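Listed below, chain by chain, are the residues.
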Amino acid sequence: DARPNSPEARDIRYHLHGYTNARKHQETGPLVIEKGDGVYVEDIAGNRYIEAMAGLWSVAVGFSEKRLVDAATRQMSKLPFYHDFGSKAHSPLIDLAEKLVQMAPVPMSKAYFTNSGSEANDTAIKMIWYRSNALGQPARKKIISRKRGYHGVTIASASLTGLPNNHLSFDLPIANILHTSTPHHWRDAQPGESEEQFSARLADELEKLILAEGPETIAAFIGEPIMGAGGVVVPPAGYWEKIQAVLSKYGILLVADEVICGFGRTGEMFGSQTFGIKPDIMVLSKQISSSYLPISALLINDKVFEPIADESDRIGTFGHGFTGGGHPVAAAVALENIKLIEERDLVGNARKVGAHLQARLRKLASHPLVGEVRGVGLIAAVELVADKATKAPWGKPAALGALVNGFLQQNGVISRNMGDAIAFCPPMIITEAQIDALVDAFERSLDAALPQVHPQG
Ligand code: PMP
């Protein structure tokens, strides 16, 4: 008989997507999600899951928020589309720009709208290059990103991304993109090296890279406050302070990619607040609209805006923009979504129930398969190991992550393994009771995997 999500249940012959073994996917079929309700989603066979990844780090307000549906319907009836090119704009975007600039944790000047995180990061690169040109420093083009950082998949944003499978086969990264070390203390610190010492070493490495390349060639540094897709890597103590000290010494712009952390995930409205980051550019997406419709934005400060403001006659206009960028319906949804986050104090909830999630996960630290538990607020990861002492994986890297993730799905939780790290990033409306159900299911999944990893007990 047909398995619930098998090719027999849905004809998937014509469907291809990324991040999977395409041939195997044709045989096993995807998990087909049909419905959403609060923190739950349901597949076509009627199985219900806690969506512990908020879709893809996206859905702050849950999967059935009528006020977002109504906001979309109202705007769709009034003005379903208009563009944001040249001398045209529309009210939802003007309102959203004002709201975002007001919300920014550091003084920001302007908002620029795009459709996705990747596009926003591409836009940031071009704006930075345009600014260098406007300043009469066209050689100031290099942008420093980090290994394991994730900034998107277009040619330029994939170049910023520091994960191998986003580069292989594509001749990436493109020129002028450099990568420095991941701030992953648990994995990469030397024996006995404190978090502060490790942070100091990485800041030193960054400074040496800048000096070796020539400071006059370095335009910007980009980083996620917490690395998401790289495995929820939480920066060690002192990291951002020390990195920012190096950047300001050489007048290098800082871009905070808040695509995952933004709008409350860390228990503050922005991840930059959690870690004392003072960016010149902030990149926002995902939870900006709970991803009900795609929209993304860049916030730029005066250091970025002023040099480019009057330059169009001299160097040409900033020749950039997307037809659907800042779509009016998506902008209306984003405005309502932000209103809901504020009204319902979902940031406070992320702090409160997030503390519960972190505490419950940390209780699993002594489990034989758990290497490290890390996270802040409602974003967390548990890194799995076969050998706690050596931190060795179980056979091939990611095999244990995939095994436990499979058990989690059987136990009614949708999560995601990034290598051997299992990530948790539930909708921000989640309750303590729902977190308990989630962590209980995770514990059962670890116990189910244990006899396969350590057959002798
Ligand atoms: N930046 C970060 C930090 C992300 O996590 C992502 C997506 N996971 C992106 C950028 C790219 O966003 P998109 O998938 O919308 O292009």
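Residues numbered from 1 in each chain as written. Predicted model: local features only at pLDDT ≥ 70, side-chain atom pairs only at ≥ 80, totals over all residues.

**Focus: the packing of helix 5 (residues 117-134) against helix 11 (residues 302-309)**
Running from amino to carboxyl end, helix 5 crosses helix 11 at an angle of 55°, the nearest separation of the two axes being 9 Å. Compared by their axis directions, helix 5 and helix 11 come out oblique. Note on packing geometry: the crossing formed by helix 5 with helix 11 is left-handed. Along the contact surface, helix 5 presents Met127, Tyr130, Arg131 and Ala134, while helix 11 presents Val304, Pro307 and Ile308. When its residues are assigned to classes, the contact of helix 5 with helix 11 shows six nonpolar, no polar and one charged. (Axes fitted to C-alpha atoms, helices over the stretch in contact; angles between N-to-C directions. Helix = DSSP H or I, 4+ residues; strand = E, 2+ residues; numbered from the N terminus. Parallel < 35°, antiparallel > 145°, perpendicular 65-115°, else oblique. Left-handed = near helix turned anticlockwise from the far one by under 90°. Contact = placed C-beta atoms within 7 Å. Nonpolar A, V, L, I, M, F, W, Y, C, P; charged D, E, K, R; others polar.)

**Structural notes on the site of the ligand**
Looking at the ligand, there are 16 residues lining it, with Ser116, Gly117, Ser118, Gly152 and Val259 nearest. Contributing elements (two or more residues each) for the shell around the ligand: helix 2 (54-58) and helix 5. (Near = placed C-beta within 6 Å.)

**Some thoughts on the environment of leucine 403**
Within the fold, leucine 403 resides in helix 15 (residues 399-410). A residue is classified by how many C-beta atoms lie within 10 Å of it, and leucine 403, with 21 of them, is buried. Between the alpha carbons of leucine 403 and alanine 381 there is a distance of 16 Å; along the sequence they are 22 residues apart. In contact with leucine 403, not counting residues within four places along its chain, are Ala449 and Gln452. (Buried ≥ 20, exposed ≤ 12 C-beta atoms within 10 Å, placed from the backbone.)

**Describing the packing of helix 4 (residues 91-103) against helix 13 (residues 328-343)**
For any two helices packed against each other, one specifies the crossing angle of their axes together with the interaxial distance. Contact geometry of helix 4 with helix 13 gives a least axis separation of 8 Å together with a crossing angle of 40°. Note that helix 4 runs across helix 13; the crossing there is left-handed. In this structure, helix 4 uses Pro92, Leu93, Asp95, Leu96 and Lys99 to contact helix 13, whose residues at the interface are Pro328, Ala331, Ala332, Ala334, Leu335 and Ile338. Partitioned by chemical class, the residues of the contact of helix 4 with helix 13 number nine nonpolar, no polar and two charged.

**Here we look at the domain arrangement of the protein**
With domains assigned, the protein is organised as domain 1 (31-61 + 345-453) and domain 2 (68-343). One C-alpha centre belongs to domain 1, the other to domain 2, and the line joining them spans 27 Å. At the junction of the two partners, domain 1 supplies 25 residues and domain 2 supplies 25 residues. The leading source of residues in the side of domain 1 that touches domain 2 is helix 14 (residues 346-362), at five residues. Residue composition of the side of domain 1 that touches domain 2, grouped by class: 16 nonpolar, six polar and three charged. (Domains from an automatic or database assignment.)

**Quick notes on the sheet that holds strand 1 (residues 33-37)**
The mixed open sheet is built from four strands, whose spatial order is 1-2-3-13. Each end of this open sheet is capped by a strand with a single partner; those strands are strand 1 and strand 13 (413-414). Pairing between strand 1 and strand 2 (residues 40-43): four bridges, direction antiparallel. Bridge pairing in strand 2 places isoleucine 33 opposite aspartate 43. (Pairing = 2+ DSSP bridges.)

**A few points about unusual backbone geometry**
In this structure, the amide linkage connecting leucine 172 to the following residue, proline 173, adopts the cis form with an omega of 5°. Tracing the backbone through its elements, the reader meets proline 173 in the loop between helix 6 (155-160) and strand 6 (177-180). Here aspartate 171, not a glycine, exhibits a phi torsion of approximately 55°, which is positive. Here aspartate 171 is to be found in the loop between helix 6 and strand 6. Under the C-beta neighbour-count criterion, aspartate 171 is labelled exposed, with 9 such atoms within 10 Å. You will see that lysine 391, though not glycine, has its phi angle at about 65°, which is positive. Relative to the elements of secondary structure, lysine 391 occurs in the loop between strand 12 (379-384) and helix 15.

**Description of the confidence of the model for the protein**
Here the protein shows a mean pLDDT of 96. Residues at 70 or above account for 98%. The ipTM, which scores confidence in the relative placement of chains, is 1.00 for this predicted complex, and the corresponding pTM is 0.97. (pLDDT = per-residue confidence, 0-100.)

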